[in-house]
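Letter by letter, the chains look like this.
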Protein chains: 2
Amino acid sequence: MTLQQLRFLREVVRHGFNITEAAKALCTSQPGISKQLRLLEQELGVELFERDHGRIAELSKPGVTILAIAERMLMDANSLKGAARDFSAEMNGNLVVATTHTQARYALPEVLKRFAVRHPRVSVELRQGTTRQVSRLVTSGDADIAIATDASAYFKDLVVIPCHSWDRIVITVPGHPLLKLKRLTLEHLVRYPIIAYDHEFAARQLLVQAFESHHLTPNIVLSALDADVIKACVAMDLGVSVLTRLSFDPRRDRNLRALDASKLFASSVTFIGVRRNSFLRSYMYDFIETFSPQLNRRAIEEAMAR
Amino acid sequence: MTLQQLRFLREVVRHGFNITEAAKALCTSQPGISKQLRLLEQELGVELFERDHGRIAELSKPGVTILAIAERMLMDANSLKGAARDFSAEMNGNLVVATTHTQARYALPEVLKRFAVRHPRVSVELRQGTTRQVSRLVTSGDADIAIATDASAYFKDLVVIPCHSWDRIVITVPGHPLLKLKRLTLEHLVRYPIIAYDHEFAARQLLVQAFESHHLTPNIVLSALDADVIKACVAMDLGVSVLTRLSFDPRRDRNLRALDASKLFASSVTFIGVRRNSFLRSYMYDFIETFSPQLNRRAIEEAMAR
DNA sequence: CACCGTTACGGTATCCGTAAGGATT
DNA sequence: AATCCTTACGGATACCGTAACGGTG
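So, how was this worked out
- Residues numbered from 1 in each chain as written.
- Chains lettered and ligands numbered in written order.
- Predicted model: local features only at pLDDT ≥ 70, side-chain atom pairs only at ≥ 80, totals over all residues.
- Heavy atoms only, no water.
- Patch = residues over 30% accessible without salt bridge, like charges linked within 9 Å, V, L, I, M, F, W, Y side chains within 5 Å.
- Areas by Shrake-Rupley, 256 points an atom, 1.4 Å probe, with all protein chains shown as cover.
- Salt bridge = Lys/Arg side-chain N within 4 Å of Asp/Glu carboxyl O.
- Lys, Arg positive; Asp, Glu negative; His and termini not counted.
- Charge placed at Lys NZ, Arg CZ, Asp CG, Glu CD.
- Helix = DSSP H or I, 4+ residues; strand = E, 2+ residues; numbered from the N terminus.
- Buried < 20%, exposed > 50% of the residue type's maximum accessible area, 1.4 Å probe, protein only.
- Near = heavy atom within 4 Å.
- Polar contact = N/O pair within 3.5 Å; in protein donor to acceptor, adjacent residues only side chain to side chain.
- Least-squares fit on C-alpha atoms with pLDDT ≥ 70 in both.
- Nonpolar A, V, L, I, M, F, W, Y, C, P; charged D, E, K, R; others polar.
- Domains from an automatic or database assignment.
- Contact = heavy atoms within 4.5 Å.
- Buried area = accessible area lost by both parts, 1.4 Å probe.

**Section: a positive patch on the surface**
Logical step 1: Where like charges cluster on the molecular surface, the positive patch consists of A:Arg276, A:Arg306, B:Arg276 and B:Arg306.
Logical step 2: The residue B:Arg306 is located in the segment after helix H11 (297-305) in this model.
Logical step 3: The class for B:Arg306 is exposed, based on a relative accessible area of 70%.

Here it is as structure tokens:
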């Protein structure tokens, strides 16, 4: 059994059980992969794939179990190399951050700027997606750090560390009737069409739940995938929306108004998520600390050890 | 980086940083190991060992981190092979159970007998030790299953599953004054010399704590490592002792008397511990179920997933 | 001198790439 | 015909064991 063989196994599965594709991705030959996988099967005494007329169709039952273990091993192999590079004081490397639009658009730019000053030789890659996609990117090893809001339920397999807490606000066009109220309530809010995040986002669930707990049904006229789109639609007076204060900048968003809604909705919490048992290179700790200064290396290590 | 190289690394550390010994243990040549370790260091760009005049003295700082990851990988490699053998329906294999004397002596013989009937081709090995040793045997991968009592605190790194609950009893010689009491209390008990388990055992701590919570100090005249020794000493009237009901068999222990002490001491709980993320072969599930029938495969898998 | 780790060297086995074959859609 | 996996084959490489070397206590 070789790490190489496990790598081949993983790659073939990732490429839809197509050895040819996997070979291309790994810059090697198809026959090589084919042979090594046969050898692995022979050594283990188990068929890893369900073969359909000579073609690989899917993983066999043992294959599923074995792949899961193999993937952990390959992740560890990665961690090991990363640890070595970290100790050899190589300050270059790359960092893949999986996050949602809101964070990428409003919170991260400043963080990335400060981080780039400290680690000019680390190349950072942002991957955007829904809360669920963000979680899976880190779980699968395609990203190092997940950042998302109200995501602890989605981050079940990850170590989650709460970072920031954001009040919620209601945004409207200037001159909207809601702005004239002394005290905003859900009963007022429910009378107006609402623009919300897509179902895929945790924020959407929380919005609906808040209304439902008051036996109200919001009239959601539009679902969108990011705050910028939502704001543009609110500006067109298609409805009002509920966002976090993070997403609203009074200087830039002059065509909109924000109303405090911290009493109506639970404040939302931004989490950082990392794989348990993964070795974080020192610049990854630095990134997390830059994002959330109260999280120093020790605090993160403690959270991971639990 | 090869699994072989990691195996070499682990074995050299296990044999007190002696390549020669490691080579013997692995049935290979010293120069082979030496070379592979040098290659590994070269590839990783890190010195794994602190070398003292050409001799390996200990792990370097990076070595510590890297070894930890390597050991996880090697355990997974083992799991992987085990999983394969399990699926290929080979019913032979071996099972190493790390446990304390009490379990090995009183609870396990019957379990082993029933297990042997179901799995005649599985060779079982019992390893005995203190609670801490038991825990480490499983953590290090030298044993598959840990069984111990009141051990959850020691089993921090393991998945623990509670199995049985045992009332505590006080044992004395026949005709002892304590036997004449209507209602036994700690205040009565503290007047007599007590024979207890060694400090290394959780039972010892719990005994002392129970007294201390009543502001009493027990007069422990003797510490012993197992219940048989304790019972022999009680039979000699060196003192009385507190055991679990498991350790007392009225038919065999005719030279002793037992008093219910379930009101004085918390009942003790027997735990099974396994490594998180380790693949258990089907006969291991069967063993656990034989030991504790309410633990079927699903229950165990759920406990491990948490 | 005994012990330990490294270097040197040669044979074997392994791995990989090219080429060709067989099967399916 | 195109795609895909496997078998066959040859060359380069890596790995391992024996032997010899350099240091240390």
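**Side note on the protein's contact with DNA strand C**
Logical step 1: DNA strand C sits among 17 residues. The nearest are A:Gln4, A:Thr28, A:Ser29, A:Arg55 and B:Ser34.
Logical step 2: For DNA strand C, the fraction of atoms within 4 Å of the protein that belong to sugar or phosphate moieties is 69%.
Logical step 3: Contacts to DNA strand C include A:Gln4, whose side-chain N or O atom sits 2.9 Å from a phosphate oxygen.
Logical step 4: Within the contact set of DNA strand C, a phosphate oxygen lies 3.3 Å away from a backbone nitrogen or oxygen of B:Phe17.
Logical step 5: When residues of the surface near DNA strand C are traced back to their parent elements, those giving at least two are helix H3 (30-44) of chain A together with helix H2 (19-25) and helix H3 (30-44) of chain B.

**Looking at the relation of the copies chain B and chain A**
Logical step 1: Expressed as a screw transformation, the operator carrying chain B onto chain A has a rotation angle of 180 degrees and an axial translation of 0.1 Å, and the superposed copies differ by an RMSD of 0.1 Å. Taken together, the rotation and translation describe the operation of a two-fold axis. Among all residues of chain B, the minimum C-alpha distance to the rotation axis is found for B:Met73, at 2.7 Å.

**Some thoughts on the protein's contact with DNA strand D**
Logical step 1: Near DNA strand D, the surroundings consist of 17 residues, among which A:Ser34, A:Arg55, B:Gln4, B:Thr28 and B:Arg55 are the closest.
Logical step 2: Put simply, 67% of the atoms of DNA strand D that lie within 4 Å of the protein are in sugar or phosphate.
Logical step 3: A:Gly54 is positioned such that a nitrogen or oxygen atom in its backbone is 3.4 Å from a sugar or linking oxygen of DNA strand D.
Logical step 4: For the surface near DNA strand D, the secondary structure elements donating two or more residues are helix H2 (19-26) and H3 of chain A together with H3 of chain B.
Logical step 5: Considering each element in turn, the surface near DNA strand D owes the most residues, three residues, to H3(A).
Logical step 6: The class makeup of the residues in the surface near DNA strand D is four nonpolar, nine polar and four charged.

**Observations regarding the domain arrangement of chain A**
All names here are of chain A.
Logical step 1: Assigned domains within chain A: domain 1 (3-85), domain 2 (89-165 + 269-305) and domain 3 (168-266).
Logical step 2: Put simply, the middle of domain 1 and the middle of domain 2, counted by C-alpha atoms, are 29 Å apart.
Logical step 3: Domain 1 puts seven residues into the contact, and the matching count from domain 2 is 11 residues.
Logical step 4: Carbon and sulfur atoms supply 47% of the area that domain 1 and domain 2 bury against each other, a total of about 690 Å² over both sides.
Logical step 5: In terms of surface lost to domain 2, no three residues of domain 1 exceed Met-75, Ser-79 and Arg-85, which account for 65% of the buried area on that side.

**A look at the interface of chain B and chain A**
Logical step 1: Counting residues at the interface gives 25 residues for chain B, matched by 25 residues for chain A.
Logical step 2: Both faces combined, the contact of chain B with chain A buries some 2400 Å², and carbon together with sulfur accounts for 78% of it.
Logical step 3: When the area that chain B buries against chain A is broken down by residue, the three leading residues are B:Met1, B:Leu80 and B:Phe87, summing to 25%.
Logical step 4: Put simply, chain B and chain A have two salt bridges between them.
Logical step 5: Put simply, B:Asp76 and A:Arg72 hold a salt bridge, and the shortest N to O gap is 2.6 Å.
Logical step 6: The tally of links from chain B across to chain A stands at four residue pairs in polar contact (both at pLDDT 80 or more).
Logical step 7: Sorting the residues of the side of chain B that touches chain A by element identifies helix H1 (3-14) and helix H4 (61-87) of chain B as the ones contributing at least two each.
Logical step 8: The greatest single-element share of the side of chain B that touches chain A, amounting to 16 residues, is contributed by H4(B).
Logical step 9: Of the residues that constitute the side of chain B that touches chain A, the class distribution is 16 nonpolar, five polar and four charged.

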